[in-house]
Amino acid sequence: MNIPAADLMSALRSGQSTAPRLTWYGPDAERVELSGRVLDNWVAKTSNLLQDELDAEPGTRLRLDLPAHWKSLVLALAAWQLGMEVVLADGDAELLATADPGPAAAAGGVNAVLAVALPALAMRWPGELPSGVLDYAAEVRSHGDFFMAYVDPEPDRTALRDAAGVDHPHGRLVEGFGALPGVADDGADSAAAPRLLVQAGDGLEAALSRALWAWSRDGSVVLVHPDVALTERLLGDERISLR
């Protein structure tokens, strides 16, 4: 049985699959652009890593101890198409993805830890990792480009609990959590796919919600780190239509 997150990935890899879907502006002049096909490839590899290496299945909880970043969005999409629950606060979880694995690994309480290097060109974690911590950048590339779940996801399971304490089930994740506060659907050209500016400084929950909104409308996302100036040139070059 498909869930909206899986249907979304199917839509991103079909149709205009070479069009930009996620563009990241980070510190040190970083710019990463992922087409629908490339985004789906990253998500598939990550889902396979979670399923094959970490025994993730529907209902397994993944805590994202990460800022709003293109890799955070990939990890969330990968977890959701598996039917997992994404945990954004300091809640209990079986798996943890973090950019600060030392204290996280020492704290315990999880079955496995993924260390996520955030620099755009990082091929592996810089330096030594605590015993038992997996290097996301090094491990993910060896996994398959296509994903098939061993167990069907369940639409009624929780996909995410937001900061207001609302549980969003997988079956209604896109229409419930994927919202764009302050912008009504009739406030934009409904015939045009949105090119949405998302400011990473607003936090990961907001970035995920806004990205789902844009992608579910055949649009794309420009995610910008707080240290990057939002110049008129950037907004014009990226053809931002909503912000």
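Residues numbered from 1 in each chain as written. Predicted model: local features only at pLDDT ≥ 70, side-chain atom pairs only at ≥ 80, totals over all residues. Heavy atoms only, no water.

Student: Before we go on, may I ask you to explain a negative patch on the surface in this structure?
Tutor: On the surface, a cluster of negative charge is made up of Asp52, Glu53, Asp55 and Glu57. One can find Asp52 in helix α2 (residues 36–54). With relative accessibility at 34%, the residue Asp52 sits in the partly exposed group. (Patch = residues over 30% accessible without salt bridge, like charges linked within 9 Å, V, L, I, M, F, W, Y side chains within 5 Å. Areas by Shrake-Rupley, 256 points an atom, 1.4 Å probe, with all protein chains shown as cover. Salt bridge = Lys/Arg side-chain N within 4 Å of Asp/Glu carboxyl O. Lys, Arg positive; Asp, Glu negative; His and termini not counted. Charge placed at Lys NZ, Arg CZ, Asp CG, Glu CD. Helix = DSSP H or I, 4+ residues; strand = E, 2+ residues; numbered from the N terminus. Buried < 20%, exposed > 50% of the residue type's maximum accessible area, 1.4 Å probe, protein only.)

Student: Can you walk me through the environment of Leu22 in this structure?
Tutor: Looking at where Leu22 falls in the secondary structure, it is placed in strand β1 (residues 20–26). Residue classification places Leu22 among the buried positions, given a relative accessible area of 0%. The contact partners of Leu22, leaving out residues within four places of it in the chain, are Val32, Glu33, Leu34, Leu39, Trp70, Leu73, Trp215, Val221 and Leu223. (Contact = heavy atoms within 4.5 Å.)

Student: Please explain the packing of α2 against helix α3 (residues 70–82) as it appears in this structure.
Tutor: For any two helices packed against each other, one specifies the inter-axial angle together with the distance between the axes. Between α2 and α3, the shortest axis-to-axis distance is 8 Å and the interhelical angle comes to 60°. Taken together, the axes of α2 and α3 are oblique relative to one another. Here the hand of the crossing between α2 and α3 comes out right-handed. In contact with Leu39, Trp42, Val43, Ala44, Thr46, Ser47, Leu50 and Gln51 of α2, α3 contributes Trp70, Val74, Leu75, Leu77, Ala78, Ala79, Gln81 and Leu82. Tallied by class, the residues present in the contact of α2 with α3 amount to twelve nonpolar, four polar and no charged. (Axes fitted to C-alpha atoms, helices over the stretch in contact; angles between N-to-C directions. Parallel < 35°, antiparallel > 145°, perpendicular 65-115°, else oblique. Left-handed = near helix turned anticlockwise from the far one by under 90°. Nonpolar A, V, L, I, M, F, W, Y, C, P; charged D, E, K, R; others polar.)

Student: Sorry if this is basic, but what is going on with the sheet that holds strand β2 (residues 30–35) here?
Tutor: Pairing is mixed across the open sheet formed by four strands, whose spatial order is β2-β1-β11-β10. At either margin of the open sheet sits one strand with a lone partner, and together these are β2 and β10 (195–199). For this sheet, the mean angle separating the axes of adjacent strands, direction not counted, is 15°. Taken together, the six bridges between β1 and β2 define a ladder with antiparallel strand orientation. Each residue of the ladder has a partner; that of Trp24, found in β2, is Val32. Sheet strands in contact with α2 are β1 and β2, and its direction is about 95° off that of β2. (Pairing = 2+ DSSP bridges.)

Student: Whenever I open this one, helix α1 (residues 4–13) confuses me. Can you help?
Tutor: Given 3.6 residues per turn, any residue in an α-helix points the same way as the ones three and four places further on. Regarding α1, the residues found buried are Ala5, Ala6, Leu8, Met9 and Leu12. The buried residues of α1 all sit within an arc of 155° when viewed along its axis, so they share a single face. Buried residues along α1 sit against β1, α2, α3 and α7 (204–215). Trailing α1 by a residue or two, Gly15 shows a phi angle of about 65°, which is positive. (Arc of directions from axis to C-beta.)

Student: Any chance you could explain the layout of surface pockets here in plain terms?
Tutor: In this approach the atoms are scanned with a rolling probe the size of a water molecule, which exposes any empty space left behind. When its volume is computed, the largest pocket comes out at roughly 320 Å³. Around the largest pocket, the lining is made up of 18 residues, and of these Ala6, Arg13, Gln81, Phe147 and Met148 lie nearest the centre. At the level of secondary structure, the elements contributing two or more residues to the lining of the largest pocket comprise α1 and α2. For the lining of the largest pocket, the element with the most residues is α1, which contributes five residues. Here the residues of the lining of the largest pocket are counted per class, giving ten nonpolar, three polar and five charged. (1 Å grid on protein atoms, 1.4 Å probe; cavity = no way out; pocket = protein on both sides within 12 Å on 5 of 7 lines; lining within 4 Å. Points joined across faces, edges and corners; volume = space filled by probe spheres on them.)

Student: Got a minute to help me understand the packing of aromatic side chains in this structure?
Tutor: Where two aromatic rings form a pair, the distance of their centres and the angle of their planes describe that pair. Using the criterion set out here, one finds two aromatic pairs in the structure. Both rings, one in Trp42 and one in Trp70, keep their centres 5.0 Å apart while their planes meet at 85°; by these two values the pair is edge-to-face. Linking Trp42 in helix α2 with Trp70 in helix α3, this pair joins segments that are 28 residues apart in sequence. Of the two residues, Trp42 and Trp70, both sit in the buried class. (Phe/Tyr/Trp six-rings, centres within 6.5 Å; stacked < 30°, edge-to-face > 60°.)

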